[in-house]
Amino acid sequence: MSLKKNDDIILKIEDMTNEGSSVGHYDGQAVFVTGGVTGDELCAHIIKAKKNYAVAKCMSIITPSPNRISSDCPYSDKCGGCSFRNMTYSAELEYKQRRVENALKRIGNIDAPVRDIIGADEINHYRNKAQYPVDVQNGELVAGFYAYKSHRIVPCNSCLLQPEEFSLCIDAFSKWAKESGVTSYDEKTGKGLLRHIYLRKAVATGEIMACAVINGNSLPNENLLVELLSGIDGVCSVCVNINKNDTNVILGDQTKIIYGKEYITDILLGKKFVISPNSFYQVNHNQCEKLYSIAGKYAELTGNETVVDLYCGAGTIGLTMADKIKTLYGVEIIPQAIENAKLNAEINGINNAEFFCADAFEAAKILENKGIKPDVLILDPPRKGCQSELFDVVEKMSPNRIVYVSCDSATLARDLNILDSKGYKAVEATPVDMFPRTPHVETVVQLVRKKPDTYIDITVDMDELDLTSSEAKATYDEIKDYIFDKYRVKVSSLYIAQVKQKHGIIERDCYNNSKKDNQKQPQCPPEKVKLIEEALRHFKMIS
């Protein structure tokens, strides 16, 4: 039976997805449901039906999962933020542990042990940064967060993930907007002034920065806004960020301080760090200290090492290790981040660190010209992972150890697989729950350079084997697992064989052919061809 829009079905929830929705199968077809919990039996209403999958919303719970709890947030079923607020925290940690383990094994073919996930002591009010989209309706400012997969604002000025002071800041912005006749930015027309309210807090010091992101050059009645915000305990910086671009990027390039300091200061593992509006800084202070402690452990520092951080940002990871290393070199392509890193080194009295603005290739040349070879390499890339060209740079640098910090287990697994081909073995991984009540999870991995004597030179006459070198790279089950783990779509061995033949990867004689004469075989649909081709590229079977 093929599902259709507006169908109502009974569904058993089998798992959660990387985006936080739940998934079950109905007559073999994947059905993604928002609001489900693994183990639920529920009534699902189909809102989108495709050939290979369907999307539904939960209408009612028939038999609740043992892990289901009542959400403590009135916005969680509407907002796209806290996907896991309806399940126990222990079940959330189990899911994240399994997600990392499965990604490393199925996507990366990595057999390194994964240690137990480091859970958070506090799962509420832990975020030190919030970006509120706004809408002014009849003179009243509405601030909140986008609904799941939309740009529709769910009003919420007292989010359980944010510090309690942030709600007071939103109230101040609302009063200022009403009294000053402020308009909100309209994405469709490009008109209107206020785009976002952007708040940051330094947890260790209590300092707060409040920023108005505007589609203009200045604020009306800015003295009133300063008066309202500066009366809130902790607010020591008020600024205006100018973003006139037609873009989804929140911050523009120019920021003006209209009250107080240019930055706020936090403390991590005994080191002070400045936070400006554009600075990258981990959103969970307490979990960040645990994460960086594990990274320091994996670096195995003795005091004699040269450490290179190729995605150093404001220098936070490397500078927390600076007391235990000989020399630190930080590389970052964003100029403002490098200026912050230099300032962070200065205010901590760290003299063995050097930071320069460059991409990975430029950095490799600079270090090579200086005669510098790292003992330890730190990689902390954005969610999309490392650029493909970076791995040649890593191979050329030839560090003894690599510490890889990742916020996406799928791209982490992909990159570990590539690093393995470059001679680096993943020794151990530790997940850290930086983002409680959301589907995201951070992971730190230790890799070491393989010793030459671990390689065994075996000469094989491929004519003696009934498979090609390309076929040997991945089994049919591995290709199926890769596609299902990433897209929750099933593909058949027949379809994989057809795509392999299309690319000249010759199968055994009569592979998957019917024994009957003139038997027509179903042909792989175009959308599955693309998924299979992606998997073949992942396993380096095609270019």
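In the block above lies the structure referred to throughout.
What you see is a predicted model, and the numbers here were worked out from it, not measured in a lab.

Asker: With reference to specific residues and values, describe helix α8 (residues 390-397).
Answerer: Taken residue by residue, α8 has Leu-390, Phe-391, Val-393, Val-394 and Met-397 as its buried positions. Angular distribution of buried residues about the axis of α8 spans 155 degrees; they occupy a single face of the element. Here the buried face of α8 lies against α7 (360-369), β18 (376-379), β19 (401-406), α9 (409-421) and β20 (424-432).

Asker: Describe the pattern of salt bridges, listing the residues and the values that go with them.
Answerer: Evaluation of the coordinates by the stated rule reveals 21 salt bridges. Residue Arg-437 is joined to Glu-92 by a salt bridge in which the shortest nitrogen-to-oxygen separation is 2.4 Å. On the criterion of sequence distance, the pair formed by Arg-437 in the loop between β20 and β21 (442-449) and Glu-92 in helix α1 (residues 89-107) is long-range, its members being 345 residues apart. As far as burial versus exposure is concerned, Arg-437 and Glu-92 are alike and both buried. With a shortest N-O distance of 2.9 Å, Lys-271 and Asp-323 are connected by a salt bridge. One end of the pair, Lys-271, is in strand β14 (residues 271-275); the other, Asp-323, is in the loop between α5 (316-321) and β16 (327-332), and 52 residues separate them in sequence.

Asker: Describe the pairing of strand β5 (residues 53-63), naming the residues involved and giving the relevant values.
Answerer: Pairing geometry for strand β3 (residues 29-34) and β5, over five bridges, is parallel. Its bridge partner lying in β5, Val-33 is registered against Ala-56. Here strand β4 (residues 41-49) pairs with β5 via eight bridges, running antiparallel. Along β5, the bridge assignment pairs Ala-49 with Ala-54.

Asker: Now, about unusual backbone geometry: what can you tell me, with residues and values included?
Answerer: A positive phi is found at Asn-221, a non-glycine position, where the angle reads about 55 degrees. Position of Asn-221 among the secondary structure elements: in the loop between β10 (208-214) and α3 (222-230). For Glu-300, which is not glycine, the phi dihedral falls at a positive 50 degrees. Positionally, Glu-300 belongs in the loop between α4 (285-299) and β15 (306-309). Classification of Glu-300 by relative accessible area gives partly exposed; the value is 44%.

Asker: Mind laying out the packing of aromatic side chains, listing which residues take part and the relevant values?
Answerer: The geometry of an aromatic ring pair is captured by two quantities: the separation of the ring centres and the angle between the planes. Counted under the stated rule, the structure contains five aromatic pairs. Here Phe-173 and Trp-176 contribute two aromatic rings whose centre-to-centre distance is 6.2 Å and whose plane-to-plane angle is 85 degrees, an arrangement assigned as edge-to-face. On the criterion of helical spacing, the pair formed by Phe-173 and Trp-176 is a turn pair, its members being three residues apart in helix α2 (residues 165-180). Under the relative-accessibility criterion, Phe-173 is labelled buried at 0%. Look at Trp-176 and you get buried, because its relative accessible area is 0%. Consider the rings of Tyr-482 and Phe-539, whose centres lie 5.9 Å apart with planes at 65 degrees: the pair is edge-to-face. In this pair, Tyr-482 is assigned in helix α10 (residues 476-487) and Phe-539 in the segment after α12 (526-538), connecting sequence segments 57 residues apart. Here the two residues Tyr-482 and Phe-539 agree in accessibility, since each one is buried. Taking NZ or CZ as reference, Arg-195 lies 4.0 Å from the ring centre of Tyr-185, over its face.

Asker: Explain the packing of α2 against α3 to me, using residue names and the numbers behind them.
Answerer: Between α2 and α3, the shortest axis-to-axis distance is 9 Å and the interhelical angle comes to 155 degrees. One finds that α2 runs roughly antiparallel with respect to α3. Here α2 runs over α3; the crossing is right-handed. On α3, the residues that touch Cys-169, Ala-172, Phe-173, Lys-175, Trp-176, Glu-179 and Ser-180 of α2 are Leu-224, Leu-225, Leu-228 and Leu-229.

Asker: Break down the state of the cysteines for me, with residues and values.
Answerer: Each disulfide consists of a covalent bond between the sulfur atoms of two cysteine residues. Counted according to the given criterion, the structure contains zero disulfides. We note that Cys-58 lacks a disulfide partner, and the nearest cysteine sulfur, in Cys-43, lies 7.8 Å from it. Here Cys-236 stays free of any disulfide, with the sulfur of Cys-239 as its closest cysteine sulfur at 11 Å. The class of Cys-236 is buried, set by a relative accessible area of 18%.

Asker: Quick one: what's the story with the sheet that holds strand β11 (residues 235-242), residue by residue and with numbers?
Answerer: The seven strands are arranged β8-β7-β6-β9-β10-β11-β12 in an open sheet whose pairing can be described as mixed. Of all strands in the sheet, those with a lone pairing partner are β8 (153-155) and β12 (254-260), marking the two edges. Taken pair by pair, the neighbouring strands of this sheet meet at an average axis angle of 35 degrees, ignoring direction. As defined by bridge partners, strand β7 (residues 140-146) adjoins β8 across three bridges and the pair is classed as antiparallel. Its bridge partner lying in β8, Phe-145 is registered against Val-154.

Asker: So what's going on with the sheet that holds β18? Residues and values would help.
Answerer: Here seven strands make up an open sheet; going across it, the order is β17-β16-β15-β18-β19-β21-β20 and the pairing mixed. With one partner strand each, in any of the chains shown, β17 (353-357) and β20 form the two edges of the open sheet. With strand direction ignored, the average angle separating the axes of adjacent strands in the sheet is 15 degrees.

Asker: If you had to explain helix α6 (residues 335-347) to someone new, which residues and values would you point to?
Answerer: Spanning 13 residues, α6 covers 19 Å between terminal C-alpha atoms, matching the ideal 18 Å at 1.5 Å per step. Burial in α6 covers these residues: Ala-337, Ile-338, Asn-340, Ala-341, Asn-344 and Ala-345. With its buried residues spanning 160 degrees around the axis, α6 presents them on a single face. Counted as exposed and oriented over 90 degrees from the buried face of α6: Pro-335 and Glu-346. Just downstream of α6, Gly-349 is the residue with a positive phi angle, here 65 degrees.

Criteria and cut-off values
- Residues numbered from 1 in each chain as written.
- Predicted model: local features only at pLDDT ≥ 70, side-chain atom pairs only at ≥ 80, totals over all residues.
- Heavy atoms only, no water.
- Buried < 20%, exposed > 50% of the residue type's maximum accessible area, 1.4 Å probe, protein only.
- Helix = DSSP H or I, 4+ residues; strand = E, 2+ residues; numbered from the N terminus.
- Arc of directions from axis to C-beta.
- Contact = heavy atoms within 4.5 Å.
- Salt bridge = Lys/Arg side-chain N within 4 Å of Asp/Glu carboxyl O.
- Pairing = 2+ DSSP bridges.
- Phe/Tyr/Trp six-rings, centres within 6.5 Å; stacked < 30°, edge-to-face > 60°.
- Lys NZ or Arg CZ within 6 Å of the ring centre and 35° of its normal.
- Axes fitted to C-alpha atoms, helices over the stretch in contact; angles between N-to-C directions.
- Parallel < 35°, antiparallel > 145°, perpendicular 65-115°, else oblique.
- Left-handed = near helix turned anticlockwise from the far one by under 90°.
- Disulfide = S-S within 2.5 Å.
- Expected span 1.5 Å × (residues − 1).

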